[in-house]
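A structural walkthrough
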Amino acid sequence: MKPSLAWAEQVALLVRRGLLVEDEDECVDFLAAHNYYRFSGYMRYFQKAPHQGDDDFLPGTTLKQIREIYDSDHVLRVALADQLAKAELLLRTHTAHVIANEHGPYGSYLEDGFYTDTGGFEPTVDSCLKDIRRSRERHILRYAVGDEDPDWNKLPVWSAVEALSFGTLSKCIERGAQGQLSDAVATSLGAAKAGFAYRVRALVYVRNRCAHHSRIWNHSIIDAGPTPNNVRTKAKRLVGQFEPRSVLDVVSSLDDIVARGKAGDPLLPSLFASRKDIADFWLGLSHPQSPRDHRP
């Protein structure tokens, strides 16, 4: 059982382990604002053998060095959140447009038969209704006034999609119209149909990590999604090689979706221009890996 340490004691522990800290008072303020445990996820890459219980730092490691990576990761999350918001709005708009025009704006999207669901998961209609009922927006509540059991079939799809979480929207795209909605939304955007639903799922995954301030640096994206080869090749010509589960692969896919919807400028070029010179940070984005022991 680890004891709870005051912030000053946490700083003293880091110093005993060999971390070079220029201003201990500033370090106390930083840990009080950011949480030692969160920051430790970055520190482990600079410790001798964390898996073997040796948490001493590699010789010459400075707080400033790790803070530069930590702060760069924060900047990346903020930039990603903005770009992801653009993509999410595009997907809401085109999903509603496709459903309204090909299946009718009322009722169909709230029928079980509209979706191809699999056992073991919450039915997509239940996910939609849960989000709709949770909404406190007036454009949703107007359909529930004075009605204990609202008839949501009167709610037009272009209003309903605004109440759906990004995760629920992703389920609708993947499972809707008996599996055909994904292709239709991709076509509406002018994007490649192959694997489009899984690309959207990857955006949801990264959005959730950004929303919870989780580490992006040196994190392998579990559901990276099948980024089209031409999109990936173009990105690699700009920033160099990166692995399929790298966040850079998702960023290139994200930029492609935003560009096809004419919703904004790409993120990858500005990210590369501003962060490529921070070698440890860029390596952790392009070739993510778990922390490893450095001791023989």
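Structural data are supplied above this passage.
Residues numbered from 1 in each chain as written. Predicted model: local features only at pLDDT ≥ 70, side-chain atom pairs only at ≥ 80, totals over all residues. Heavy atoms only, no water.

1. Section: the pairing of strand β2 (residues 54-57)
Pairing of strand β1 (residues 47-49) with β2 involves two bridges; the strand directions are antiparallel. Counterpart to Gln47 in the pairing with β2 is Phe57. With antiparallel pairing between neighbouring strands as the criterion, β1 and β2 make up a hairpin whose turn holds four residues, including Gly53 at a positive phi of roughly 90°. (Pairing = 2+ DSSP bridges. Helix = DSSP H or I, 4+ residues; strand = E, 2+ residues; numbered from the N terminus.)

2. A few points about the nonpolar core
Residues Leu80, Leu91, Tyr109, Ile132 and Phe196 are the most contacted members of the largest nonpolar core, which totals 86 residues. Ranked by the residues each element gives to this core, the list is headed by helix α4 (residues 63-103), at 14 residues. With residues near it in sequence (within four places) discarded, Ile132 still touches Leu110, Ile140, Trp152, Leu155, Ala160, Ala163 and Leu164. (Core = buried A, V, L, I, M, F, W, Y, C linked by side-chain atoms within 4.5 Å. Buried < 20%, exposed > 50% of the residue type's maximum accessible area, 1.4 Å probe, protein only. Contact = heavy atoms within 4.5 Å.)

3. Here's the deal with the layout of surface pockets
Taken as a whole, the largest pocket holds about 460 Å³ of empty space. The wall of the largest pocket is formed by 14 residues, among which Lys2, Leu13, Arg17, Tyr36 and Tyr37 lie closest to the centre. Those elements giving two or more residues to the lining of the largest pocket turn out to be α1 (7-16) and α3 (36-43). No other element matches the four residues that α3 contributes to the lining of the largest pocket. Classifying every residue of the lining of the largest pocket by side-chain character gives six nonpolar, four polar and four charged. (1 Å grid on protein atoms, 1.4 Å probe; cavity = no way out; pocket = protein on both sides within 12 Å on 5 of 7 lines; lining within 4 Å. Points joined across faces, edges and corners; volume = space filled by probe spheres on them. Nonpolar A, V, L, I, M, F, W, Y, C, P; charged D, E, K, R; others polar.)

4. Concerning empty space enclosed by the protein
For the structure on display, the rule yields one cavity of 30 Å³ or more. Computed from the structure, the largest cavity encloses a volume of approximately 40 Å³. Every residue lining the largest cavity is listed: Thr95, Ile99, Tyr109, Tyr115, Val157, Ala160, Val161, Leu164 and Cys172. Of all elements in the fold, only α4 and α7 (157-160) reach the threshold of two or more residues within the lining of the largest cavity. Partitioning the lining of the largest cavity into residue classes produces eight nonpolar, one polar and no charged.

5. Points about the packing of aromatic side chains
Per the counting criterion, the structure on display carries nine aromatic pairs. Seen from their ring centres, Tyr42 and Tyr70 are 5.0 Å apart, and the 70° between their planes marks the pair as edge-to-face. With Tyr42 in helix α3 and Tyr70 in helix α4, the pair connects residues that are 28 residues apart, well separated along the chain. The exposure class of Tyr42 is buried, given its relative accessible area of 2%. Assessed through its relative accessible area of 4%, Tyr70 is described here as buried. Relative to Trp158, the ring of Tyr106 has its centre 6.3 Å away and its plane inclined at 70°; by these criteria the two rings are edge-to-face. In this pair, Tyr106 sits in the loop between α4 and α5 (124-134) while Trp158 sits in helix α7, placing the two residues 52 residues apart along the sequence. The exposure class assigned to Trp158 is partly exposed, which follows from its relative accessible area of 47%. Within the aromatic cluster, the residues linked to one another by ring pairs are Phe30, Phe39, Tyr42, Tyr45, Tyr70 and Trp217. (Phe/Tyr/Trp six-rings, centres within 6.5 Å; stacked < 30°, edge-to-face > 60°.)

6. What about the packing of helix α11 (residues 229-239) against helix α12 (residues 247-260)?
Two quantities define a packed helix pair, namely the angle between the axes and the distance from one axis to the other. Where α11 contacts α12, the two axes come as close as 9 Å, and the packing angle between them is 115°. Comparing their axes, α12 and α11 come out roughly perpendicular. Of the two possible hands of crossing, α11 and α12 adopt the one that is right-handed. Of α12, the residues touching α11 (which contributes Val231, Arg232 and Ala235) are Asp249, Ser252, Ser253 and Asp256. (Axes fitted to C-alpha atoms, helices over the stretch in contact; angles between N-to-C directions. Parallel < 35°, antiparallel > 145°, perpendicular 65-115°, else oblique. Left-handed = near helix turned anticlockwise from the far one by under 90°.)

7. Considering α11
An α-helical segment advances 3.6 residues per turn. Residues three or four places apart therefore align on the same side. Considered for burial, the residues of α11 that qualify are Val231, Arg232, Ala235 and Val239. In an axial view of α11, the angular spread of the buried residues amounts to 95°, which keeps them on one side of the axis. The outward face of α11, more than 90 degrees from its buried face, is lined by the exposed residues Asn229, Asn230, Lys234 and Arg237. Contact partners of the buried residues in α11: α12, α13 (268-275) and α14 (279-286). Downstream of α11 by one or two residues, Gly240 has phi in the positive range, about 95°. (Arc of directions from axis to C-beta.)

The values reported here are purely geometric and, on their own, carry no functional implication.
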